[in-house]
Amino acid sequence: LAKHPEIKALMKPDYNLIWVVVLMVLAQLTAFYLVKDLDWKWVVFWSYVFGSCISHSMTLAIHEISHNSAFGNRKAMWNRWFGIFANLPLGLPYSISFKRYHMDHHRYLGGDGIDVDIPTNFEGWFFCTPFRKFMWIVLQPFFYAIRPLCINPKPITRLEIINLLAQLSFDVVIYYLWGVKSIFYMLAGSVLGLGLHPISGHFIAEHYMFLKGHETYSYYGPLNLLTFNVGYHNEHHDFPNIPGKSLPLVKKIAAEYYDNLPQYNSWIKVLYDFVMDDTISPYSRMKRQLKGEVKQD
């Protein structure tokens, strides 16, 4: 910032995010209606081909909202309510809990017992062969759901209860209106989109040490168009209060800080390398023993 103070001008909400999220929710509502009378094989097909992309993209919209990118820091609660709204087409409550744990990830990156993005010792020990690592990728939604309960359980908050009740109510309405195929499409899209899917390469690309000494990596490929530029990950950790829309400008303005860092151009290749490279496993993360006072949400 001392060298490029103009970056401060990018620290503002991205109001376009609001309309994009609303359109994504409407797109999924339309899809719920369209799949209700399809044969099961086509429900499964569209769950993976279309629903999974929208669902994974929505989790990254929720990531943006968790940083108050929709309405700004002065309207933090507006962002929380909007996150609950964005959560609806995913089928499972996610938004409020994600925000609590994700802030820990930024404050205490790699913090042992705090950062639940770090795999458990069991994951590192068991998923150590190509086939097991492949299954670990398939089961990523499961591990991301239970890992916080194992590593850093937190008391349930009022907003999490509201998130749960809103989600259950929405799911019941969808089932009542359009039946079990729409519910299956919704839940299958979320599970498939966060598992064995090209976009899921970002889970591994962001912080797994393919090169020793480099803890965070950016990806500059086309899938950033579907993921609110989450691939610009070094830039995001440097400036978490800048919306994803503006992260390419951060890289352009401060190119001397980012252009020479190790980077990716294919999340599919990241997934392939993770499975096939014997030197990479869930253990390939930087873990830190935190010192001093730890403040969590």
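Residues numbered from 1 in each chain as written. Predicted model: local features only at pLDDT ≥ 70, side-chain atom pairs only at ≥ 80, totals over all residues. Heavy atoms only, no water.

A. A look at a nonpolar patch on the surface. Taken together, the side chains of W42, F45, W46, Y48, V49, F50 and L192 define a hydrophobic patch exposed on the protein surface, amounting to about 610 Å² of accessible area. Broken down by element, the residue count for the nonpolar patch peaks at 6 residues, all from helix α2 (residues 40–66). With respect to the secondary-structure elements, F50 resides in helix α2. (Patch = residues over 30% accessible without salt bridge, like charges linked within 9 Å, V, L, I, M, F, W, Y side chains within 5 Å. Areas by Shrake-Rupley, 256 points an atom, 1.4 Å probe, with all protein chains shown as cover. Salt bridge = Lys/Arg side-chain N within 4 Å of Asp/Glu carboxyl O. Helix = DSSP H or I, 4+ residues; strand = E, 2+ residues; numbered from the N terminus.)

B. Spotlight on helix α3 (residues 76–87). Compared with the 16 Å implied by 1.5 Å per residue over 12 residues, the 17 Å span of α3 between its first and last C-alpha is a close match. Burial in α3 covers these residues: N79, R80, F82, G83, I84, A86 and N87. Residues of α3 that are buried in the fold lie against α1 (16–35), α2, α4 (95–107) and α8 (158–178). (Expected span 1.5 Å × (residues − 1). Buried < 20%, exposed > 50% of the residue type's maximum accessible area, 1.4 Å probe, protein only. Contact = heavy atoms within 4.5 Å.)

C. Region of the structure containing the environment of A76. Mapping A76 onto the fold places it in helix α3. Given a relative accessible area of 28%, A76 falls into the partly exposed group. As for A76 and S66, which are separated by 10 residues in sequence, their C-alpha atoms are 9.0 Å apart.

D. Representation of α1. For α1, with 20 residues, the first-to-last C-alpha span of 29 Å sits near the 28 Å given by 1.5 Å per residue. Those residues of α1 not exposed but buried are L17, I18, V21, M24, V25, Q28, A31, F32 and V35. Projection of α1 onto a plane perpendicular to its axis shows the buried side chains occupying an angular sector of 155°, all on one side. Exposed positions of α1 whose direction lies more than 90 degrees from the buried face are W19, L23 and L34. At its buried positions, α1 is contacted by α2, α3, α8 and α9 (180–193). (Arc of directions from axis to C-beta.)

E. How the structure looks around the pattern of salt bridges. Across all of its chains, the model carries 12 salt bridges by this definition. A salt bridge links K3 to E256, with the shortest nitrogen-to-oxygen separation between them at 3.1 Å. Here E256 lies in helix α13 (residues 255–258) and K3 lies in the segment before α1, a separation of 253 residues in the sequence. Using a relative accessible area of 39% as the deciding quantity, one classes E256 as partly exposed. Between K245 and D14 there is a salt bridge, with its nearest N and O atoms 4.0 Å apart. Of this pair, K245 sits in the loop between α11 (233–238) and α12 (247–253) while D14 is found in the segment before α1, placing the two residues 231 residues apart along the sequence. The structure contains a network of salt bridges with shared partners spanning D104, R107 and K154.

F. Fine view of the UniProt feature "transmembrane region" (unreviewed entry) in the protein. Mapped onto the present numbering, the UniProt feature "transmembrane region" (unreviewed entry) falls at residues 17–35, 42–61 and 81–98. Secondary structure within residues 17–35 divides into 100% helix and 0% strand; the distance between the first and last C-alpha atoms comes to 27 Å. Within the segment residues 81–98, helix and strand shares are 61% and 0% respectively, and the terminal C-alpha atoms sit 14 Å apart. (UniProt positions renumbered as here; feature names shortened; annotations may be inferred.)

G. Expanded view of the packing of aromatic side chains. Evaluated as defined, the whole model comprises 25 aromatic pairs. Taking the centre distance of 5.5 Å and the plane angle of 10° together, the rings of F122 and F126 count as stacked. One end of the pair, F122, and the other, F126, are both in helix α5 (residues 121–126), 4 residues apart, so they sit about a helical turn from each other. Exposure remark for F126: the relative accessible area of 27% places this residue in the partly exposed category. Geometrically, the ring pair formed by F122 and F127 is edge-to-face, given 6.3 Å between the ring centres and 85° between the ring planes. The exposure class of F122 is partly exposed, given its relative accessible area of 44%. (Phe/Tyr/Trp six-rings, centres within 6.5 Å; stacked < 30°, edge-to-face > 60°.)

H. Inspection of the nonpolar core at higher detail. Core analysis: the largest hydrophobic core is formed by 36 residues, its most contacted members being V21, M58, W136, I204 and F274. Those elements that place two or more of their residues in this core are α1, α2, α3, α6 (130–138), α10 (201–205) and α14 (267–276). Setting aside its immediate chain neighbours within four residues, V21 contacts M58, A61, I65, F82, F85 and A86. (Core = buried A, V, L, I, M, F, W, Y, C linked by side-chain atoms within 4.5 Å.)

I. Structural detail: the state of the cysteines. Counted according to the given criterion, the structure contains 0 disulfides. Cysteine C150 remains unbridged, with the sulfur of C128 as its closest cysteine sulfur at 19 Å. For C150, a relative accessible area of 56% corresponds to the exposed category. (Disulfide = S-S within 2.5 Å.)

J. Broad picture of the packing of α2 against α3. Where α2 meets α3, the closest approach of the two axes is 9 Å, and the angle between their N-to-C directions is 175°. Taken together, the axes of α2 and α3 lie roughly antiparallel to each other. Touching M58, I62, I65 and S66 of α2 are N79, R80, F82, G83, A86 and N87, all from α3. (Axes fitted to C-alpha atoms, helices over the stretch in contact; angles between N-to-C directions. Parallel < 35°, antiparallel > 145°, perpendicular 65-115°, else oblique.)

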